[in-house]
Amino acid sequence: MASLISCPHCGTRPKEEFSIKGDATRMRPSPQAPAEVWHKFVFIRDNPKGRHKEFWHHVLGCRRWLVVERDTLTHEVYGVTDAQQALKAGEAVE
Amino acid sequence: MNGPFMLRHALDGAVSANPARGVNHVEILADPLVISISARPATVARVKERLAGEEGLRFSGPAEWLVVAPRHDAIRVKSLTEAMGADALVADQSGGRVVLRLSGPAARAILAKLTPLDLHPDVFGEGQSANAFFGHVGVNLARLEGDVFELVLMRSFALFAFEELLEMGLEFGLTAGFAT
Ligand SMILES: [Zn+2]
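Residues numbered from 1 in each chain as written. Chains lettered and ligands numbered in written order. Predicted model: local features only at pLDDT ≥ 70, side-chain atom pairs only at ≥ 80, totals over all residues. Heavy atoms only, no water.

K.L.:
When you look at the coordination of the zinc ion in this model, what are you seeing that I'm missing?
P.N.:
In ideal tetrahedral geometry, four donors around a metal make angles of 109.5 degrees, whereas ideal octahedral geometry with six donors gives angles of 90 or 180 degrees. All names here are of chain A. Here the zinc ion is held by Cys7 (SG), Cys10 (SG), His58 (ND1) and Cys62 (SG), and the distances to it run 2.0 to 2.5 Å. Given four donor atoms and angles of 104 to 117 degrees at the metal, the environment of the zinc ion is assigned as tetrahedral. Donor residues binding the zinc ion come from one chain and are separated in sequence as C-x2-C-x47-H-x3-C. For the residue pair Cys7 and Cys10, the accessibility class agrees, reading buried in each case. (Donors = N, O, S within 2.8 Å, 3.2 Å for Na, K, Ca; no water. Tetrahedral: all angles 85-135°; square planar, octahedral: opposite > 155°, others 65-115°. Buried < 20%, exposed > 50% of the residue type's maximum accessible area, 1.4 Å probe, protein only.)

Next up, the structure:
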């Protein structure tokens, strides 16, 4: 147990308690969006090296979705927000 | 105990009928009460206020709690449901959970092998509770008093978690049995 995430609800916990969903900057397109947009949303992902925002689900803790901003290279964590709050603040949107 | 699956305890047959009781002991509650309470986003503050001081209250998430008691009590389920009204969803989870009580001077050392939670009394004091990793499954862990901890587990994971607990307690002579 090494990589630690500070959950705003539960405190500092190891990554084993979480499930990582990936890119938190991508928003679901409207149902009417063209197929290319949907294709991009469902299948195409960057694999950034460095600072990145990801959805983390605290499965074995509070079971809340979180937005974790961290460095994918060094695992330095810059911030953890409840996804609902992040959405409200417009943070998860690129 | 024979009979229908739902009436059987998940840990039936996992311990001997007349177990020895050592200083480090895990007690299985035969028929505990576990209620989950989930507040609506708009009513979290109100529900929290109403639940303050409720006996056996356990923190589960920012809008979610458990109420745990040693004996199942249908009247308590009903009265909590009525007290919460439309502000929160109250569900009797007793049939789906297994409740254990771990006690003894080595309780913390045993738990340290299973959960990443910091259980130092300065950080995790009496009456405190948390959802956490336990072996490979989830647990709601509470400190009832000094060396007494309560574990609420999913019924289907309970045997695994229980056997894991016994194995980790082996070096401390951990004993186990149903509560009498
Ligand atoms: Zn959490």
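Let's pick the thread back up.
K.L.:
Which parts of the structure should I look at to understand the sheet that holds strand E7 (residues 129-134) of chain B?
P.N.:
The strands making up a sheet associate through hydrogen bonds between their backbones, and the pairing can be parallel or antiparallel. Residue and element names in this part refer to chain B. The sheet built from six strands is open, its strands ordered E7-E8-E9-E6-E1-E10 with mixed pairing. Bordering the open sheet on either side are E7 and strand E10 (175-178), each of which pairs with just one other strand. Shown here is a sheet whose adjacent strand axes are inclined to one another by a mean of 25 degrees, direction ignored. Sheet analysis places strand E1 (residues 25-28) next to E10, joined by four bridges and oriented parallel. Looking across to E10, one finds that Ile28 is bridged to Phe178. (Pairing = 2+ DSSP bridges. Helix = DSSP H or I, 4+ residues; strand = E, 2+ residues; numbered from the N terminus. Axes fitted to C-alpha atoms, helices over the stretch in contact; angles between N-to-C directions.)

K.L.:
Before we go on, may I ask you to explain the packing of aromatic side chains in this structure?
P.N.:
The way to describe two aromatic rings as a pair is by their centre distance and the angle between their planes. All names here are of chain A. Across all of its chains, the model carries three aromatic pairs over all chains by this definition. For the pair Trp38 and Phe41, a centre-to-centre distance of 5.6 Å together with 85 degrees between the ring planes defines the contact as edge-to-face. On the criterion of helical spacing, the pair formed by Trp38 and Phe41 is a turn pair, its members being three residues apart in helix H1 (residues 35-43). According to the relative accessible area criterion, Trp38 is partly exposed, its value standing at 22%. Owing to a relative accessible area of 17%, Phe41 belongs among the buried residues under this scheme. Residues Phe55 and Trp65 carry aromatic rings whose centres are separated by 6.3 Å and whose planes lie at 85 degrees to one another, so their mutual orientation is edge-to-face. Pair noted here: Phe55 is in strand E4 (residues 51-57) and Trp65 is in strand E5 (residues 65-71), with a separation of ten residues, a long-range link. With a relative accessible area of 16%, Phe55 lands in the buried category. With a relative accessible area of 38%, Trp65 lands in the partly exposed category. (Phe/Tyr/Trp six-rings, centres within 6.5 Å; stacked < 30°, edge-to-face > 60°.)

K.L.:
Sorry, what's going on with the environment of Gly135 of chain B here?
P.N.:
Relative to the helices and strands, Gly135 of chain B resides in the loop between E7 and strand E8 (137-145). Sequence spacing of Gly135 of chain B and Phe160 of chain B is 25 residues, and the spatial spacing of their C-alpha atoms is 8.8 Å.

K.L.:
Would you explain the interface of chain B and chain A in this entry?
P.N.:
How large an interface is tends to be reported as the accessible area lost when its parts come together. Taken together, the contact pairs 13 residues of chain B with eleven residues of chain A. With both sides pooled, the region where chain B packs onto chain A buries about 990 Å², and carbon together with sulfur makes up 62% of that total. When the buried area of chain B at its contact with chain A is split by residue, Pro62, Asn131 and Phe133 of chain B rank highest and sum to 47% of it. Where chain B packs against chain A, one counts one salt bridge. Residue Glu64 of chain B is joined to Arg63 of chain A by a salt bridge in which the shortest nitrogen-to-oxygen separation is 2.5 Å. For the pair chain B and chain A, the number of links is five residue pairs in polar contact (both at pLDDT 80 or more). When contributions to the side of chain B that touches chain A are tallied by element, the ones reaching two or more residues are strand E3 (57-61), E7 and E8 of chain B. Here the element with the most residues in the side of chain B that touches chain A is E7 of chain B; it accounts for four residues. (Contact = heavy atoms within 4.5 Å. Buried area = accessible area lost by both parts, 1.4 Å probe. Salt bridge = Lys/Arg side-chain N within 4 Å of Asp/Glu carboxyl O. Polar contact = N/O pair within 3.5 Å; in protein donor to acceptor, adjacent residues only side chain to side chain.)

K.L.:
Would you take a moment to explain the pairing of E8 of chain B for this structure?
P.N.:
Residues in a regular strand point their side chains to alternate faces of the sheet. Residue and element names in this part refer to chain B. As judged from the six bridges shared by E7 and E8, these two strands associate in the antiparallel manner. Each bridged residue has a counterpart across the sheet, and for Phe133 the counterpart in E8 is Gly138. Taking the residues that link successive antiparallel strands as the turn, the E7-E8 hairpin has two residues, and the phi of Gly135 there is positive, at about 65 degrees. Where E8 and strand E9 (residues 148-154) come together, five bridges link them in antiparallel fashion. Looking at the pairing, Arg143 lines up with Phe149 of E9. From the end of E8 to the start of E9, which pair antiparallel, there are two residues.

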